[in-house]
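# Overview (structure and organization)
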Amino acid sequence: MTKRELTRSQRLMRMRQAVAVCALLTLPAATAWAQQKPFEPVVGQAGKDVVWVPTPPELVEKMLDMAQVTPQDIEMDLGSGDGRNIIAAAKRGATAVGFEFNPDMVALSNRLAKEAGVAGKATFVEGDMYAADISKATVMALFLLPDNLRKLRDKFLDLRPGSRLVMNTFAIPDWEADVSETIQGDCMSWCTSLLYFVPAKVAGTWKTPQGELTLTQTFQNVSGTLAAGGKTVPVSGKLRGDVMTLSAGGAELSGRVTGDRIEGNNWVATRSGR
């Protein structure tokens, strides 16, 4: 090898060594930058029970409008994602709680709530939505799949009568929505809001001044018979929360349900069996 060739080889070696040193020096800084970069969710990213797809802001407001959310409400969301339903409810003064399995989403939701100035009203709990305690909720604002909603249905029905359930697009299986509204204009997807009122539980046998009232119930729909004066009259009706309206033999009855008692303007019923 000539002296000129040796010099060229030495220069190449030194350049490679310099590049390697630079890479080693900059690696910690690059790693630290990656660790400090804020988490950003991606539409369609996998979750424990559902993928994340955000509700459009216009539909968030429509859902809360339909549920008539006020500062007296406790609003909850299951699979709360980036917290947009909870933050919007908190801006209306409600006490709002979101349950989310992904810890990065929980951290993001807390940051966004703080930026929105509602950190004192919005709370995010890391955990399984099926195990969440929703018993104090007066409003549930949700974007879940029918299979998720089916699994949660019994918990919904155990909420206080009159509590409002408002859904993005997907209906609770087998349960007819009380109100449905669709955003008009430029909305391309996720444009429909479905509102349900949790009905009082009225199935059973009731004693009334008119006779024995026997009711069966499927969500807010009721049917049965009224046995009075040796005759049996078919009965049908609906519940809107704790208010029940019945039609019996051409007569219309309405009353408010409180546990095992129904009180109407001119009648009272007490439950004797379920």
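So, here's what we can say about the structure. Treat the numbers as computed from the prediction; the structure is a model and nothing was measured.

Conventions adopted
- Residues numbered from 1 in each chain as written.
- Predicted model: local features only at pLDDT ≥ 70, side-chain atom pairs only at ≥ 80, totals over all residues.
- Heavy atoms only, no water.
- Helix = DSSP H or I, 4+ residues; strand = E, 2+ residues; numbered from the N terminus.
- Buried < 20%, exposed > 50% of the residue type's maximum accessible area, 1.4 Å probe, protein only.
- Contact = heavy atoms within 4.5 Å.
- Areas by Shrake-Rupley, 256 points an atom, 1.4 Å probe, with all protein chains shown as cover.
- Arc of directions from axis to C-beta.

## Brief notes about the overall build of the chain
- Along the chain, the regular secondary structure elements total five helices and 15 strands.
- Split into buried and exposed, the 274 residues of the chain put 37% on the buried side.
- Residue pairs in contact within the chain that sit at least 24 positions apart in sequence constitute 52% of those at least 6 positions apart.
- Working note: accessible area of the chain is about 15400 Å², and carbon and sulfur atoms make up 55% of it.

## Observations regarding helix H2 (residues 57–66)
- Within the sequence span of H2, burial applies to Leu59, Val60, Met63, Leu64 and Met66. The arc enclosing the buried residues of H2, seen along the axis, measures out at 160°, which places them on a common side. In H2, the exposed positions that point more than 90 degrees away from the buried face belong to Pro57 and Glu58.
- Tucked into the core, H2 has its buried residues touching strand S1 (74–78), helix H3 (84–91), strand S4 (139–142), strand S5 (164–168), strand S6 (179–182) and strand S7 (192–197).

## Looking at the environment of Asp77
- Checked against the element boundaries, Asp77 lands in strand S1.
- Judged by its relative accessible area of 4%, Asp77 falls in the buried class.
- Distance in space between the C-alpha atoms of Asp77 and Ala132 is 10.0 Å, their sequence separation being 55 residues.
- In this view, Asp77 contacts Asn85, Ile86, Val97, Gly98, Phe99, Ala141 and Leu142; residues no more than four positions away in its chain are not counted.

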